[in-house]
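Here is what each chain is made of, one letter per residue.
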Number of protein chains: 2
Amino acid sequence: MDTATVQSEFLQQLFAHRLLIPSGVDGLYGRGTWFERVVEGIDAAVQRIGAPDNAEALHFPPVVTQHNYQLSEHFKSFPDLVGVVRGFRGKDKDHLALVEKMERGEDWAANFGPTGVIMTPAACYPIYPTLKGTIPPEGKRVTVLSYCFRYEPSLDPARLQMFRQREHVRIGTPDDVREFAATWKARGEQLFKELSLDSWSDVANDPFFGRVGKMLAANQRDQGLKFELLVPITSREKPTACCSFNYHQDHFGHLFEIKLPTGEWAHTACVGFGLERTTLALFKTHGFDVEKWPATVRERLKL
Amino acid sequence: MDTATVQSEFLQQLFAHRLLIPSGVDGLYGRGTWFERVVEGIDAAVQRIGAPDNAEALHFPPVVTQHNYQLSEHFKSFPDLVGVVRGFRGKDKDHLALVEKMERGEDWAANFGPTGVIMTPAACYPIYPTLKGTIPPEGKRVTVLSYCFRYEPSLDPARLQMFRQREHVRIGTPDDVREFAATWKARGEQLFKELSLDSWSDVANDPFFGRVGKMLAANQRDQGLKFELLVPITSREKPTACCSFNYHQDHFGHLFEIKLPTGEWAHTACVGFGLERTTLALFKTHGFDVEKWPATVRERLKL
């Protein structure tokens, strides 16, 4: 079977087992009871292995401000993935005209204005703007769980338009960040092993947009700034990144004016676990009935 | 002190105690560690009192499809609150032009197109489209937790642009729905009492838009279709709805073609707990330090 067939058959099976619930839009699904329990189990397992770090647990709604979005330079690299939230500001007669436009099947939101918020592109984005200033000598550790939006309709259940990332973020010196990446790589590998998932790591690159993007992607790979833990969902030949490490060097430190006590820009790195992707990997590997999963896996996820 | 002063002082205190974290946009804040623990505690408490219902636990990302949004008729009643997600579909040279527009401080997203999704206006909206068809004789019970978006920037911390609702939804006959409302009213009152919150119920109306909206609101009150459990956050004179009951009659049944076995349209009702609002009520009532809250309250929330 080709990749697309394997993916859409898996999606249909997930619908049939009420693990995902169709919405009419590709990549946007409800989650059934068991799917969501597994998501919660994975998140809790990640938080248990990360507990020794004493990271500050913050939480953000799934949008960032337009101001911070623009500062992040996300739009320079990933314009095709962004979701901008627009709103209506009008009176009774404008409203009436738009209701009629809707009834005629026209694009009624075409002239909406900015609301000042943008869909969160990655869970860690709202963190950096809150750290402006000088961080303590030991640096900072923050953890967040957030929905993220990426505008890329697909029939691959592992490529959702809205999905959750549990991230841990390290802000500090280049050495702090290197130690963080090594620690979390070992933790991630150990977790996936305990979940009886076939997984391996590889260097990777982000899906930078356009011609300039090709250069950025090559540069990111050459410098080893991104690596992923891959798990077969579609196939071993086309594995899926279920955990991803990004080393931003001083990119965000500079953009959001986060300084080390030395006065240099702080370096940052994040590790993100794709909660839906890891859940999908478990259903693909162990079957659709959680009650028949290996006891060790259920124990690890408290299911 | 006037209402606005009380509200903005409370907001500043929440920032000072790192319970909320400013973002630069009014009504959009990060949540600190303790704020989020209280949110989770309230949600778990609601789920414990609702456990006897055996409602199906579903979960949806915080957007609805444009198709289902239009079917819901939300835009007819609340156009001013909607958030429509728009995206970029262009090539390298369009992208370059938009980056320049952004740098000039212009509205770079003005010509973005529909992505097919709209911010979820209330947690129960994604449920109804999944129920198309004939429901069983005993009806259906569903529970969801979702972020909701309402475009109404405010300095009142109890009026957030993104906030979470835990909802329970009943789909069935008018009698089913009436019994559900009475049961949950008693449960909500009991829960707030156990949390040592001063609360009382009152009939209410939704903030319908425009001139026609005034009539809809009056009609909703006259028929007793909405009531709320109110708790003082700003003041006793201006209490805040922390729990809200909406009886939709056969509005959603009809729009989404949900039928009773008799062939009539199903009636629906929902009860929603505002998780951030209830959290704010607790901080306002018991102080900013959870460790100093009454033992009975901490016990109830497992804090």
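Looking now at the overall build of chain A. The number of helices and strands found in chain A is 10 helices and 14 strands. C-alpha atoms of chain A, sized along the principal axes, occupy 60 × 55 × 35 Å. A total of 303 residues make up chain A; the buried ones form 56% of that total. Contacts in chain A between residues far apart in sequence, at least 24 positions, make up 71% of those at least 6 positions apart. Here chain A displays about 12,800 Å² of accessible surface, and carbon together with sulfur accounts for 51% of that area. In chain A, the 36 positive side-chain charges and the 38 negative ones have mean positions that sit 1 Å from each other.

Each side of the interface is counted separately: chain B has 66 residues, and chain A has 66 residues. For the pair chain B and chain A, the summed buried surface comes to about 5,700 Å²; carbon and sulfur atoms form 64% of the total. Taken as a group, His59, Phe75 and Arg86 of chain B account for 12% of the area that chain B buries against chain A, more than any other trio of residues on that side. Linking chain B with chain A are 8 salt bridges, by the criterion used here. We note a salt bridge from Asp92 of chain A to Arg211 of chain B, for which the minimum N-O separation is 3.0 Å. Taken together, the residues of the side of chain B that touches chain A break down into 35 nonpolar, 17 polar and 14 charged. As defined by bridge partners, strand S5 (residues 84-87) of chain A adjoins strand S5 (residues 84-87) of chain B across 3 bridges and the pair is classed as antiparallel.

A few words now on unusual backbone geometry. With a phi angle near 65°, Glu73 of chain B is a residue other than glycine that sits in the positive phi range. Take Glu73 of chain B: it is sitting in the loop between helix H3 (66-72) and helix H4 (74-77).

Let's shift gears to the relation of the copies chain B and chain A. The transformation that overlays chain B on chain A combines an axial shift of 0.0 Å with a rotation of 180°, and the residual RMSD is 0.0 Å. Such a turn and shift between the copies fits a two-fold axis. Across chain B, the rotation axis passes nearest the C-alpha of Val85 of chain B, at a separation of 2.3 Å. A shared interface surface links the copies, since 100% of the contact residues of chain B are contact residues in chain A too.

Our next topic: the domain arrangement of chain A. All names here are of chain A. According to the domain assignment, chain A contains domain 1 (3-82 + 121-301) and domain 2 (84-118). Between domain 1 and domain 2, the C-alpha centre-to-centre distance is 34 Å. Opposite the 7 residues of domain 1 that make contact, domain 2 presents 5 residues. Approximately 520 Å² of surface area, both sides summed, lies buried where domain 1 meets domain 2, with 67% of it carried by carbon and sulfur atoms. Looking at the side of domain 1 facing domain 2, the largest losses of area belong to Val63, Gln66 and Val82, adding up to 69% of the total buried there.

Time to look at the confidence of the model for chain A. Close inspection of predicted coordinates is inappropriate in any region flagged by low pLDDT. For chain A, the average pLDDT comes to 97, and 100% of its residues sit at 70 or higher. Across the predicted assembly, pTM comes out at 0.97 and ipTM at 0.97.

Residue and element names in this part refer to chain B. With 7 of 10 residues buried, strand S8 (residues 140-149) lies mostly within the body of the structure. Alignment of strand S3 (residues 56-57) against S8, held across 2 bridges, turns out to be parallel. Each residue of the ladder has a partner; that of Ala57, found in S8, is Thr143. Both S8 and strand S9 (residues 162-172) contribute to a ladder of 10 bridges, which runs antiparallel. Bridge pairing links Val142 to Val169 in S9.

All names here are of chain A. Topologically, Asn246 is positioned in strand S12 (residues 240-247). Note on Asn246: relative accessible area 13%, which makes it buried. In terms of polar contacts, Asn246 uses its side chain to reach the side chain of Lys226, at 3.4 Å. Each residue touching Asn246, except ones within four places of it in the same chain, is listed here: Asp206, Gln220, Leu225, Lys226, Thr268, Ala269 and Cys270.

Relative to the elements of secondary structure, His59 of chain B occurs in the loop between S3 and strand S4 (63-65). Polar contacts involving the side chain of His59 of chain B include one to the side chain of Arg164 of chain A, which spans 3.3 Å. When near neighbours in sequence (up to four residues on either side) are disregarded, His59 of chain B contacts Gly30, Arg31, Glu36, Tyr147 and Arg164 of chain A together with Leu145 of chain B.

Turning our attention to the packing of aromatic side chains. If you walk through the whole model with that rule in mind, you get 36 aromatic pairs over all chains. Summarising the aromatic geometry, the rings of Phe35 of chain A and Phe283 of chain A are spaced 6.1 Å apart at their centres and angled 15° between planes, so their arrangement reads as stacked. Here Phe35 of chain A is found in helix H2 (residues 33-50), whereas its partner Phe283 of chain A is found in helix H9 (residues 275-286), with 248 residues between them in sequence. Residue class for Phe283 of chain A comes out buried when judged on its relative accessible area of 1%. Joined through ring pairs, the aromatic side chains of Tyr69, Phe75 and Phe209 of chain A together with Phe88, Trp108 and Phe112 of chain B make up one cluster. The ring of Trp184 of chain A carries the charged tip of Arg187 of chain A above its face, separated from the ring centre by 4.7 Å.

Residue and element names in this part refer to chain A. Taking 1.5 Å of rise per residue, the 14 residues of helix H1 (residues 3-16) would be expected to cover 20 Å, and the 20 Å separating its terminal C-alpha atoms lies within 8% of that figure. Within H1, the full set of buried residues consists of Val6, Gln7, Phe10, Leu11, Leu14 and Phe15. Phi turns positive one or two residues past the end of H1, at Arg18, with a value near 50°.

A few words now on the pattern of salt bridges. All names here are of chain A. Per the stated rule, a full pass over the model turns up 46 salt bridges over all chains. Close ionic contact of Arg166 with Asp43 constitutes a salt bridge, the shortest N to O distance being 2.6 Å. Within this pair, whereas Arg166 is found in strand S9 (residues 162-172), its partner Asp43 is found in helix H2, the two being separated by 123 residues in sequence. Take Arg166 and Asp43: they sit in the same class, and that class is buried.

All names here are of chain A. The 7 strands lie next to each other as S3-S8-S9-S14-S12-S11-S10, forming an open sheet whose pairing is mixed. Edge positions in the open sheet fall to strand S3 (56-57) and strand S10 (200-203), since each of these has one partner strand only. In terms of strand pairing, S10 meets strand S11 (residues 226-231) through 4 bridges, oriented antiparallel. Bridging across to S11, Ser201 finds its partner in Leu229. Sitting on the sheet, H2 touches strand S8 (140-149), S9 and strand S14 (267-274), and the angle it makes with S9 is about 10°.

Residue and element names in this part refer to chain A. Two numbers describe how H2 lies on H9: the axes approach to 9 Å, and their chain directions differ by 115°. Of the possible angle classes, the one that applies to H2 and H9 is roughly perpendicular. Seen along the crossing, H2 lies across H9 with a hand that is right-handed. For the pair H2 and H9, contact is made by Trp34, Phe35, Val38, Val39, Ile42 and Asp43 and by Leu275, Glu276, Thr278, Thr279, Leu280, Leu282 and Phe283, respectively. Its residues assigned to classes, the contact of H2 with H9 comprises 9 nonpolar, 2 polar and 2 charged.

The rules behind these values
Residues numbered from 1 in each chain as written. Chains lettered and ligands numbered in written order. Predicted model: local features only at pLDDT ≥ 70, side-chain atom pairs only at ≥ 80, totals over all residues. Heavy atoms only, no water. Helix = DSSP H or I, 4+ residues; strand = E, 2+ residues; numbered from the N terminus. Buried < 20%, exposed > 50% of the residue type's maximum accessible area, 1.4 Å probe, protein only. Contact = heavy atoms within 4.5 Å. Areas by Shrake-Rupley, 256 points an atom, 1.4 Å probe, with all protein chains shown as cover. Lys, Arg positive; Asp, Glu negative; His and termini not counted. Charge placed at Lys NZ, Arg CZ, Asp CG, Glu CD. Buried area = accessible area lost by both parts, 1.4 Å probe. Salt bridge = Lys/Arg side-chain N within 4 Å of Asp/Glu carboxyl O. Nonpolar A, V, L, I, M, F, W, Y, C, P; charged D, E, K, R; others polar. Pairing = 2+ DSSP bridges. Least-squares fit on C-alpha atoms with pLDDT ≥ 70 in both. Domains from an automatic or database assignment. pLDDT = per-residue confidence, 0-100. Polar contact = N/O pair within 3.5 Å; in protein donor to acceptor, adjacent residues only side chain to side chain. Phe/Tyr/Trp six-rings, centres within 6.5 Å; stacked < 30°, edge-to-face > 60°. Lys NZ or Arg CZ within 6 Å of the ring centre and 35° of its normal. Expected span 1.5 Å × (residues − 1). Axes fitted to C-alpha atoms, helices over the stretch in contact; angles between N-to-C directions. Parallel < 35°, antiparallel > 145°, perpendicular 65-115°, else oblique. Left-handed = near helix turned anticlockwise from the far one by under 90°.

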